[in-house]
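Examining the three-dimensional arrangement
The residues making up each chain are set out below.
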Amino acid sequence: MYGIIWLADMQELLGDLECFIMLVSAICHDLDHPGYNNSYQVNAKTELALRYNDISPLENHHCSVAFQLMEKPHCNILKNLGPEKYKKAREGMIFCILATDMAKHNEILNQFKSLLPNFDYSNSDHVNQLMKVSIKVADISNEARPMDVSEPWIDCLLQEFFNQSDMEKLEGLPISPFMDREKVSKSSSQTGFIQFVLLPLFESLGQLLPKLEPHIIMPVRKALEYYSDMTKAMEEEKRRKEEQKQNSKEELKNITKENGTLSLQKQNGQPPNTRVPSPGAISTGSNSAKERKILKSGNPHSNNPHSNQSIVGKTNIKAK
């Protein structure tokens, strides 16, 4: 959040109090997070869901804890604000922290986009929407960091998601989307998240504040390329393993067939790799050596129309 404020000169565009509100909201926006999202809170009927009537239970809780902490004398960073500024700061922190509920993502983004053609910094509603979008960008800006910093955090986040889906399975609750360890991979989840959530949001803010593009938009595009390549590599590896598995099945099938043939030959008293002669090639034992030679090598009198008759005749004569 600090980086966005500094890079975009938001002190000049918005003012000190607005920047203060965004900074404190960013610090407090996940206070006392239990590690299970709003979907779980509502489905499991947790104390937080009951307290806040299923309406952004986590974000309402974070905001409430923040103001409870700031009531303590050693934490009260708002104590020197006058009544009007305190009211504005409290209102600003509430709407900024509640804006981090991803269930409201499309609504907030579409409202902000509608303001872009005629954005007015003197209009408080426009400024409030900018503050909401800014803290949302800061909240999910991990992919704008260098890969060696961002990727370990992705691993931690996925583990948190998997822990939740495991708990949902144990409790018989609906499994939250993109959290099932049996169906989700890091590359596929990040590719979809960057493509359909991060980039549309970041590019919208960059349209109003172009100074941010090289710092938060270009790195996210590179991250999308990185995870897309990882997805392709994993798919290729999966395809290669499937081919190897299929080839192994074919080899096993051939070996089994060959072993069956050898076993049959052994039972018949034949040496291995010996062909079983066809019935027509088996000698009756009553033919002469010349006749056996003819049967073995083929009929040498094929051009003689009387040859077959002469052979049959000879055989009949001998049989008599």
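Right above here is the structure, for reference.
Now for a description of the structure that goes with this document. Bear in mind that the values here come from a model prediction, so they are computed numbers and not experimental data.

**Quick word on the packing of aromatic side chains**
Enumeration according to the criterion identifies four aromatic pairs in this entry. With centroids separated by 4.9 Å and ring planes inclined at 70 degrees, the aromatic side chains of Phe119 and Tyr121 adopt a geometry described as edge-to-face. For Tyr121, a relative accessible area of 29% translates into the label partly exposed. Every member of this aromatic cluster is reached through a ring pair, and the members are Phe112, Phe119 and Tyr121. Above the plane of the ring of Phe67 lies Arg90, whose end atom (NZ or CZ) is 4.5 Å from the centre.

**Side note on helix H3 (residues 16-28)**
Given a rise of 1.5 Å per residue, 13 residues ought to cover 18 Å, and the 18 Å separating the end C-alpha atoms of H3 matches this to within 8%. Along H3, the positions that sit buried rather than exposed are Leu17, Glu18, Cys19, Ile21, Met22, Val24, Ser25 and Cys28. Looking at the packing, one finds that the buried side of H3 touches helix H1 (2-7), helix H2 (10-13), helix H6 (57-70), helix H7 (83-98) and helix H9 (124-139).

**Description of the pattern of salt bridges**
Evaluated as defined, the whole model comprises twelve salt bridges. In this structure, Asp9 and Lys211 form a salt bridge, with 2.6 Å as the shortest nitrogen-oxygen distance. Placement of Asp9 in the loop between H1 and H2 and of Lys211 in the loop between helix H11 (186-208) and helix H12 (213-267) is noted, with a sequence separation of 202 residues between them. The partly exposed category is assigned to Asp9, whose relative accessible area is 33%. Put simply, Glu151 and Lys186 hold a salt bridge, and the shortest N to O gap is 2.9 Å. You can see Glu151 sitting in helix H10 (residues 147-171) and its partner Lys186 sitting in helix H11, a full 35 residues away along the chain.

**Quick word on the side chain of Thr191**
Summarising the element assignment, Thr191 is placed in helix H11. Reaching out from Thr191, the side chain makes a polar contact with the backbone oxygen of Tyr227 at a distance of 3.5 Å.

**Remarks on the layout of surface pockets**
Roughly 1700 Å³ of internal volume is contained in the largest pocket. Residue lining of the largest pocket: 47 residues in total, with Met102, Ile140, Leu157, Phe161 and Phe193 positioned closest to the centre. Considered class by class, the residues forming the lining of the largest pocket number 22 nonpolar, 17 polar and eight charged. Taken as a whole, the second largest pocket holds about 160 Å³ of empty space. Forming the boundary of the second largest pocket are 13 residues, of which Glu18, Lys88, Ser124, Val127 and Asn128 lie nearest the centre. Mapped onto the lining of the second largest pocket, the elements with two or more residues apiece are H3, H7 and H9. Here the lining of the second largest pocket is composed, by residue class, of seven nonpolar, three polar and three charged.

What counts as what
The residue count restarts for each chain, going from 1 along the sequence in the order it is written. Residue-level local features of this predicted model are given only where pLDDT is at least 70; pairs of side-chain atoms are given and counted only at 80 or more, and the full residue set underlies all totals for whole chains, interfaces and linings. As a rule here, side-chain values cover all heavy atoms of the structure and leave hydrogens and water aside. Any two rings among Phe, Tyr and Trp, with Trp reduced to its six-membered ring, count as a pair given centres within 6.5 Å; such a pair is stacked if its planes are under 30 degrees apart, edge-to-face if over 60, and tilted if neither. Only protein chains enter the calculation, and the probe is 1.4 Å; a residue is then buried if its accessible area is under 20% of its type maximum, exposed if over 50%, and partly exposed in between. Charge over a ring is defined by NZ of Lys or CZ of Arg lying within 6 Å of the ring centre and within 35 degrees of the ring normal. Strands are runs of DSSP state E lasting at least two residues, helices are runs of H or I lasting at least four, and both sets are numbered from the N terminus onward. Multiplying 1.5 Å by the helix residue count minus one yields the expected span of that helix. In what follows, a contact means two residues having at least one pair of non-hydrogen atoms within 4.5 Å. For this document, the term salt bridge refers to a Lys or Arg side-chain nitrogen within 4 Å of an Asp or Glu carboxyl oxygen. Any pair of nitrogen or oxygen atoms within 3.5 Å is treated as a polar contact; in protein, a donor-acceptor pairing is required on top of that, and neighbouring residues in sequence qualify only through side-chain atoms on both sides. Definitions used for this entry: grid spacing 1 Å over protein atoms alone; cavity, a set of points where a 1.4 Å probe fits but cannot get out; pocket, an open set with protein on both sides within 12 Å along at least 5 of 7 lines; lining residue, one with an atom within 4 Å of a point. Grid points are joined across faces, edges and corners, and a volume is the space filled by probe spheres set on the points. In this classification, the charged set is Asp, Glu, Lys and Arg, the nonpolar set is Ala, Val, Leu, Ile, Met, Phe, Trp, Tyr, Cys and Pro, and all remaining amino acids, among them Gly, are polar.

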